[in-house]
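Below, each chain spelled out in residue letters.
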Amino acid sequence: MFDAFFLRKFRRIHPRHIGYRSPLSGYAAVADESRHEHEHLDDAQLRTAVHGTFTDLMGGRAVTRAIGGLGRRAPRATARTLARAIPHLFRWLVGPVERTGPTTLHIPTCRFLTETSPQICLRVCRKPTEDFFTDTLHVATRLTPDHRTSSCLITLGPSTEGREQLP
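Nothing here was measured: the structure is a model prediction, and the numbers come from that model. (Residues numbered from 1 in each chain as written. Predicted model: local features only at pLDDT ≥ 70, side-chain atom pairs only at ≥ 80, totals over all residues. Heavy atoms only, no water.)

Okay, the environment of threonine 100 next. Along the polypeptide, threonine 100 turns up in strand β1 (residues 98-101). In sequence terms threonine 100 and glutamate 33 are 67 residues apart; their C-alpha atoms lie 31 Å from each other. Beyond its immediate chain neighbours, meaning those up to four positions away, threonine 100 contacts Leu105 and His106. Polar contacts involving the side chain of threonine 100 include one to the side chain of threonine 104, which spans 2.9 Å. (Helix = DSSP H or I, 4+ residues; strand = E, 2+ residues; numbered from the N terminus. Contact = heavy atoms within 4.5 Å. Polar contact = N/O pair within 3.5 Å; in protein donor to acceptor, adjacent residues only side chain to side chain.)

Written out as structure tokens, the structure is:
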């Protein structure tokens with residue numbers, strides 16, 4: 001229902017943070033801009049760009065600070081709430097998302113991964129997304145992509161300890 005809205009919003013926000021606007025349209029532009037990020041931004045620039053894009057996409061700093069405050073005070077409840085919201089808010093980017101538990105989600109076929117590459121998935125999506133949710137929203141997050149099947153498991157909350165050990 002909100003897919004077209006979020007895609008348009010992302011297409012307005014994202015280029016500001018990465019310094020590049022794709023000449024393509026629709027989702028092809030998202031993939032093109034992600035390739036540009038992967039090829040032209042160092043890790044610090046990439047982290048800043050992804051954090052800025054997520055912050056703006058979520059409604060700005062006031063909103064992310066409020067969610068982060070909830071995440072600090074009630075991480076389990078915030079993780080459960082985010083697990084309910086993510087399937088609706090990110091379907092436009094990754095495709096259908098299934099809730100498999102109170103704080104776990106499964107993306108059967110990740111559109112972002114299939115439209116880009118495993119390297120872009122890891123560098124532009126997995127690591128910065130984990131960092132944003134963990135550091136800004138204060139909900140420990142682990143994304144576990146399976147590049148063979150193009151699927152991804154998302155785990156939110158305290159059970160994600162040790163996420164830094166992932167490749």
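Structure's up, so let's keep going.
Turning to helix α2 (residues 26-40), a few remarks are in order. Its 15 residues give α2 an end-to-end C-alpha distance of 22 Å, which sits within 8% of 21 Å, the value for a rise of 1.5 Å per residue. Of the positions making up α2, those classed as buried are Tyr27, Ala29, Val30, Ala31, Asp32, Glu33, Ser34, His36 and Glu37. If you follow the buried residues of α2, they end up packed against α1 (3-18), α3 (43-57), α6 (91-94), α7 (111-115) and α8 (118-136). (Expected span 1.5 Å × (residues − 1). Buried < 20%, exposed > 50% of the residue type's maximum accessible area, 1.4 Å probe, protein only.)

Looking now at unusual backbone geometry. Positive phi, normally seen in glycine, also occurs at histidine 138, with a value near 60 degrees. Even without a glycine there, the phi angle at serine 150 is positive, about 60 degrees. Tracing the sequence through the fold places serine 150 in the loop between β3 (141-146) and β4 (151-156). A residue is classified by how much of its surface remains accessible, and serine 150, at 15% relative accessible area, is buried.

This next bit is on α8. End to end, α8 covers 25 Å across 19 residues, agreeing with the expected 27 Å (1.5 Å per residue, within 8%). Among the residues trailing α8, histidine 138 stands out with phi positive, at a value near 60 degrees.

Attention shifts here to the nonpolar core. Generally speaking, soluble globular proteins have nonpolar side chains that are buried together. Counting residues in hydrophobic clusters, the biggest one holds 39 residues, and the most contacted among them are Leu93, Phe112, Phe133 and Leu156. Sort the elements by how many residues they give to this core and α8 lands first, with six residues. Once residues lying within four places of it in the same chain are set aside, the contact partners of leucine 156 are Ala79, Leu82, Ala83, Ile86, Thr103, Leu105, Phe133, Val139, Ala140 and Thr141. (Core = buried A, V, L, I, M, F, W, Y, C linked by side-chain atoms within 4.5 Å.)

Right, let's talk about the side chain of serine 34 for a bit. Position of serine 34 among the secondary structure elements: in helix α2. When its relative accessible area of 2% is taken as the criterion, serine 34 is described as buried. If we ignore the near neighbours within four places in the chain, the residues touching serine 34 are His14, Phe112, Thr116, Ile120 and Val124.

This part is about the state of the cysteines. The tally for this structure, following the rule as stated, stands at zero disulfides. Left unpaired, cysteine 110 is separated from the closest cysteine sulfur, that of cysteine 125, by 6.1 Å. No disulfide involves cysteine 121; its sulfur sits 5.6 Å from that of cysteine 125, the nearest cysteine. Cysteine 121 gets classed as buried once you look at its relative accessible area, which sits at 5%. (Disulfide = S-S within 2.5 Å.)

The next thing to look at is the pairing of strand β2 (residues 104-107). Covered by surrounding structure in β2 are Leu105 and Ile107 only, the residues Thr104 and His106 on the alternate face being uncovered. One ladder, built from three bridges, connects β1 with β2; its direction is antiparallel. From the neighbouring strand, arginine 99 faces β2, where its bridge partner is leucine 105. Here β1 hands over to β2 after two residues, the two strands then running antiparallel side by side. Relative to β4, β2 runs antiparallel, the two being bridged by four bridges. Paired with threonine 104 across the strands is threonine 155, a residue of β4. (Pairing = 2+ DSSP bridges.)

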